[in-house]
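Structural overview
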Amino acid sequence: MTNTNMPGEASPNGIRLLLCTIAFRDKLLDYALGVSRKLGFDGIEMWGREPHVSERFDETRMRASRKLLDSRGVTPYVLGSYLRFGRTRNEADVNLSDTLHVARWLKTNLVRVWASDVGSAQATEEVWRTTVSEAREACDRAAKLNTTLVVEMHAGTLADTGPSTIRLVEAIGRDNFKVNFQIASHKDGQSCEERLSMVMPWVAHVHAQNYVDIPQHPSDPVRRVPLATGVANYPVLIGMLKEAGYQGAIALEFPYDNCEDRASALEEDLSFLRSICG
């Protein structure tokens, strides 16, 4: 595959194609960076966990990460953090201050976040209030660093459907709170196109993945397939993004299931995206 774009540069229409380093979460960051450059990605989305970057800010650790990134000529386009608002379970919490410090050292102004750990249909009004309140505070602090928070549309969160994501964004009411779009991992009564159309005004980042079919229930497993072959019609979805003037990134998170080689599977999906992004 020949890539006419230098790493870090957008495609002619302004859309960047990124590798999420989580695709190689069992490898050191340097390995993921090497694959990204070899395959010709425009940049990376930094997985916000070790061994790629620490969730807890540590200056020594961050200096080492920054040195590695600089040696590769890479500035992460997005920090894929695990900062979660409105948490209901007694689990280790990711600190807002740590997350913003890590993003600042990575020199990225886009941070992926999560809206609670309860699906929108099951969430109480108290969960909604807490999530909105914590997100507002985070946005106000992030704004001082010129940073935008993008909430991932994901099962088991308040942003699991188009309508619930709109409710969340409008309730938070901050210009630097946007949407990380991805297709649904279980049926929610909407097509992929309807889901994207509903949240389009707030989309600031996109995760690309495809499935054999969209399962009926959130607990059902999904089977990832090449982007070109699954239930989601990516030529249509990307056409919608381009028509809306989208100037952000599309990031590949995972290779498809049962691939013989992760890098080759990602290269296949990247080539497909290049062919339809222009």
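Residues numbered from 1 in each chain as written. Predicted model: local features only at pLDDT ≥ 70, side-chain atom pairs only at ≥ 80, totals over all residues. Heavy atoms only, no water.

Glancing now at the overall build of the protein chain. The number of helices and strands found in the protein chain is 8 helices and 8 strands. By the compact-globule yardstick of 19 Å for 278 residues, the protein chain fits well, its C-alpha radius of gyration being 18 Å. Each principal axis of the C-alpha distribution contributes one length, and for the protein chain these read about 50 × 45 × 35 Å. Each of the 278 residues in the protein chain was classed as buried or not, and the buried ones make up 53%. By sequence separation, contacts in the protein chain at least 24 residues apart represent 76% of the contacts at least 6 residues apart. Measuring between centres, the 32 positive side-chain charges of the protein chain sit 5 Å from its 36 negative side-chain charges. (Helix = DSSP H or I, 4+ residues; strand = E, 2+ residues; numbered from the N terminus. Rg over C-alpha atoms; globule rule 2.2 N^0.38 Å. Buried < 20%, exposed > 50% of the residue type's maximum accessible area, 1.4 Å probe, protein only. Contact = heavy atoms within 4.5 Å. Lys, Arg positive; Asp, Glu negative; His and termini not counted. Charge placed at Lys NZ, Arg CZ, Asp CG, Glu CD.)

Turning next to the state of the cysteines. Note: disulfide means a covalent bond formed between the sulfur atoms of two cysteine side chains. Throughout the structure, instances matching the rule amount to 0 disulfides. Between C192, a free cysteine, and C277, which holds the nearest cysteine sulfur, the sulfur-to-sulfur gap is 16 Å. Look at C192 and you get buried, because its relative accessible area is 8%. (Disulfide = S-S within 2.5 Å.)

Take the packing of helix 3 (residues 96-106) against helix 4 (residues 125-143) next. The contact between helix 3 and helix 4 brings their axes to 11 Å, and the two run at 35°. Relative to helix 4, the crossing made by helix 3 is right-handed. On helix 4, the residues that touch L96, S97 and L100 of helix 3 are A138, R141 and A142. The class makeup of the residues in the contact of helix 3 with helix 4 is 4 nonpolar, 1 polar and 1 charged. (Axes fitted to C-alpha atoms, helices over the stretch in contact; angles between N-to-C directions. Left-handed = near helix turned anticlockwise from the far one by under 90°. Nonpolar A, V, L, I, M, F, W, Y, C, P; charged D, E, K, R; others polar.)

Below, the discussion takes up empty space enclosed by the protein. Here the structure, examined in full by the defined rule, presents 3 cavities of 30 Å³ or more. Counted as a void, the largest cavity has a volume near 70 Å³. Lining the largest cavity are G48, V53, S54, E55, L79, S81, Y82, V94, D98, T99 and V102. By volume, the second largest cavity amounts to about 50 Å³. The wall of the second largest cavity is formed by F181, L196, V206, Y234, L237, I238, L241 and I250. Tallied by class, the residues present in the lining of the second largest cavity amount to 8 nonpolar, no polar and no charged. (1 Å grid on protein atoms, 1.4 Å probe; cavity = no way out; pocket = protein on both sides within 12 Å on 5 of 7 lines; lining within 4 Å. Points joined across faces, edges and corners; volume = space filled by probe spheres on them.)

This paragraph deals with the layout of surface pockets. What the largest pocket holds in volume is close to 420 Å³. Lining the largest pocket we find 29 residues, and of these E152, H154, Q182, R224 and F254 sit closest to its centre. Elements with a minimum of two residues in the lining of the largest pocket: strand 2 (43-47), strand 3 (78-85) and strand 4 (110-115). Residue composition of the lining of the largest pocket, grouped by class: 14 nonpolar, 5 polar and 10 charged.

Moving on, we come to the pairing of strand 5 (residues 148-152). Burial within strand 5 is extensive, with 5 of its 5 residues counted as buried. Neither face of strand 5 is exposed, since T148, V150 and E152 on one face and L149 and V151 on the opposite face are all buried. A crossover connection joins strand 4 to the parallel strand 5 through helix 4; in handedness this β-α-β unit is right-handed. Summarising the sheet, strand 5 and strand 6 (residues 177-181) pair through 4 bridges and their orientation is parallel. By the bridge assignment for strand 6, E152 is matched with N180. This β-α-β element, strand 5 to helix 5 (residues 162-172) to strand 6, shows right-handed connectivity. (Right-handed = clockwise from strand over helix to strand, strands pointing away. Pairing = 2+ DSSP bridges.)

What follows is about the environment of T148. Take T148: it is sitting in strand 5. With relative accessibility at 19%, the residue T148 sits in the buried group. Through-space distance from the C-alpha of T148 to that of A103 is 11 Å; in sequence the pair is 45 residues apart.

Turning our eyes to something else, we now look at the sheet that holds strand 1 (residues 16-20). The strand order around the closed barrel built from 8 strands is 1-2-3-4-5-6-7-8, with neighbouring strands paired in parallel fashion. This sheet shows a mean twist of 30° between the axes of neighbouring strands, independent of strand direction. Strands in contact with helix 5 are strand 4, strand 5 and strand 6; relative to strand 6, the strand with the most contacts, it is inclined by about 160°. Relative to strand 8 (residues 249-252), helix 8 (residues 262-277) is tilted by about 160°, and along the sheet it contacts strand 1 and strand 8.

Counting 76 residues, the largest nonpolar core has L149, L168, F177, Y234 and I250 as the members making the most contacts within it. When residues of this core are assigned to their parent elements, the largest contribution, 7 residues, is made by helix 4. Ignoring sequence-local partners within four residues, the contact set of Y234 consists of I183, H207, A208, Q209, N210, L227, G239, F272 and I276. Counting residues in each nonpolar core, the second largest holds 13 residues, with C20, V78, Y82 and A249 among its members. (Core = buried A, V, L, I, M, F, W, Y, C linked by side-chain atoms within 4.5 Å.)

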